[in-house]
Amino acid sequence: MAITLSTGVSMQVAKTYAASIAVSTLTNASTAVATTASAHSIAVGEFFEITSGWGLLDKRVVRAGAGTTGSTLYLEGINTTDTSKYPAGTGIGSIRKISAWTALSQVKGLSASGGDMQFANVTAIDDVVAKQVPTIRNAVSMNIDVYDDPTLTWYADVSAASDARSPYGLLMAFPNGSKLVANAYWSLQRVPSVTINEAMTSQISLSYAAEPVRYAS
């Protein structure tokens, strides 16, 4: 059993992206491999956003794995061997390198919700116990409470992500060395919450555009 304390958790928002590059092939493999139409300049360990004909991969943020070079891109942590979920030859799309990140400071706390499974009732007329089968998961959202200060470095970048109404990357690093990356729609509450004898706070709300990816290190 391993326990990770919340002390020391850091968060970053994607600040800038490189130009989008088309993906010409995308393999079905335990670690998916993309071939880009031109050199991508993404180094091993860097993060990128991928759009794909595979719905389970579309709009995810992924880390470049070992073997990445030139126009070859290994999608670390992405297993596409199941052709029923990832039909062969239909996953191509494009990639965008995340060129820079901005760290969020003065974070008071965060909470996540959603992601729980929905079920369809498949009870037959002769059943004496109701039956359900899983269908889809509810949308995942996150609220980040920050101590209010519009002069902070990240404020303009989160504000730009909020105004864009399109997904921006989120990177979370945990004290045990693990990381979580996701693509999310950001919303910044610019009017602070004010409570007597307490520091003013603002809230950043996120709605995930795709499944996050967890990395052990």
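Below is a short write-up of the structure. Keep in mind that this is a model prediction, so the values were computed, not measured.

The sheet contact formed by strand 11 (residues 141-147) and strand 14 (residues 201-208) spans seven bridges and is antiparallel. Residue N143 lies in a different strand from strand 14, and its bridge partner there is S205. Pairing of strand 13 (residues 179-188) with strand 14 involves five bridges; the strand directions are antiparallel. The partner of L188 across the bridge, within strand 14, is I204.

Here we take up the pairing of strand 12 (residues 168-173). The buried count for strand 12 comes to six of six residues, which makes it a mostly enclosed element. Of the strand pairs in this sheet, strand 1 (residues 10-17) and strand 12 are connected by four bridges, and their pairing is antiparallel. By the bridge assignment, Q12 is partnered in strand 12 with L171. Bridge analysis of strand 12 against strand 13 gives six bridges, and the strand direction is antiparallel. Across the sheet, the residue bridging to Y168 is A184, located in strand 13. Once strand 12 ends, the chain turns through five residues before running back antiparallel as strand 13, passing G177 with a positive phi of about 95 degrees.

A word on the side chain of E49. Topologically, E49 is positioned in strand 4 (residues 47-52). Here N183 takes part through its side chain, which lies 2.8 Å from a polar atom of the side chain of E49. In contact with E49, other than residues within four places in its own chain, are Y17, R60, V61, S94, I95, R96, P167 and N183.

The next point concerns the nonpolar core. Ranked by internal contacts, the top residues of the largest apolar core, which has 49 residues, are L26, F48, L75, L104, W186 and I204. Aside from chain neighbours lying at most four places away, what touches L26 is A32, V33, A34, I50, S52, W54, L57, L75, G91 and I92.

Applying the stated criterion across every chain, the model contains seven salt bridges. Across the pair K15 and D157 runs a salt bridge, and its minimum N-O distance is 3.1 Å. Residue K15 is located in strand 1, and its partner D157 is located in helix 1 (residues 153-164); the two are separated by 142 residues in the primary sequence. We classify K15 as partly exposed; its relative accessible area is 42%. Classification of D157 as buried rests on a relative accessible area of 13%. For D127, the salt bridge goes to K131, with nearest N and O atoms at 3.4 Å. Judged by relative accessible area, which is 43%, K131 ranks as partly exposed.

Quick look at the packing of aromatic side chains now. We describe a pair of aromatic rings using the distance from one ring centre to the other and the angle between the two ring planes. Enumeration according to the criterion identifies five aromatic pairs in this entry. Relative to Y215, the ring of F47 has its centre 6.4 Å away and its plane inclined at 55 degrees; by these criteria the two rings are tilted. Note that F47 is positioned in strand 4 and Y215 in strand 15 (residues 213-215), a separation of 168 residues in sequence. Side by side, F47 and Y215 carry an identical accessibility label, which is buried. One aromatic cluster is present, built from ring pairs that chain together F47, W101 and Y215. Seen from the ring of Y215, R63 lies directly overhead, with NZ or CZ sitting 4.2 Å from the centre.

What follows concerns unusual backbone geometry. With phi around 70 degrees, K59 is a residue other than glycine that occupies positive phi space. Position of K59 among the secondary structure elements: in the loop between strand 4 and strand 5 (60-64). Its identity as a non-glycine residue notwithstanding, N197 has a phi of 65 degrees, on the positive side. As for its placement among the helices and strands, N197 is situated in the loop between strand 13 and strand 14.

Looking only at helix 1, the buried set comprises W154, Y155, D157, V158, S159, A161 and S162. Buried-residue contacts for helix 1 involve strand 1, strand 7 (93-103), strand 11, strand 12, strand 13 and strand 14. Downstream of helix 1 by one or two residues, R165 has phi in the positive range, about 55 degrees.

Thresholds applied
- Residues numbered from 1 in each chain as written.
- Predicted model: local features only at pLDDT ≥ 70, side-chain atom pairs only at ≥ 80, totals over all residues.
- Heavy atoms only, no water.
- Pairing = 2+ DSSP bridges.
- Helix = DSSP H or I, 4+ residues; strand = E, 2+ residues; numbered from the N terminus.
- Buried < 20%, exposed > 50% of the residue type's maximum accessible area, 1.4 Å probe, protein only.
- Polar contact = N/O pair within 3.5 Å; in protein donor to acceptor, adjacent residues only side chain to side chain.
- Contact = heavy atoms within 4.5 Å.
- Core = buried A, V, L, I, M, F, W, Y, C linked by side-chain atoms within 4.5 Å.
- Salt bridge = Lys/Arg side-chain N within 4 Å of Asp/Glu carboxyl O.
- Phe/Tyr/Trp six-rings, centres within 6.5 Å; stacked < 30°, edge-to-face > 60°.
- Lys NZ or Arg CZ within 6 Å of the ring centre and 35° of its normal.

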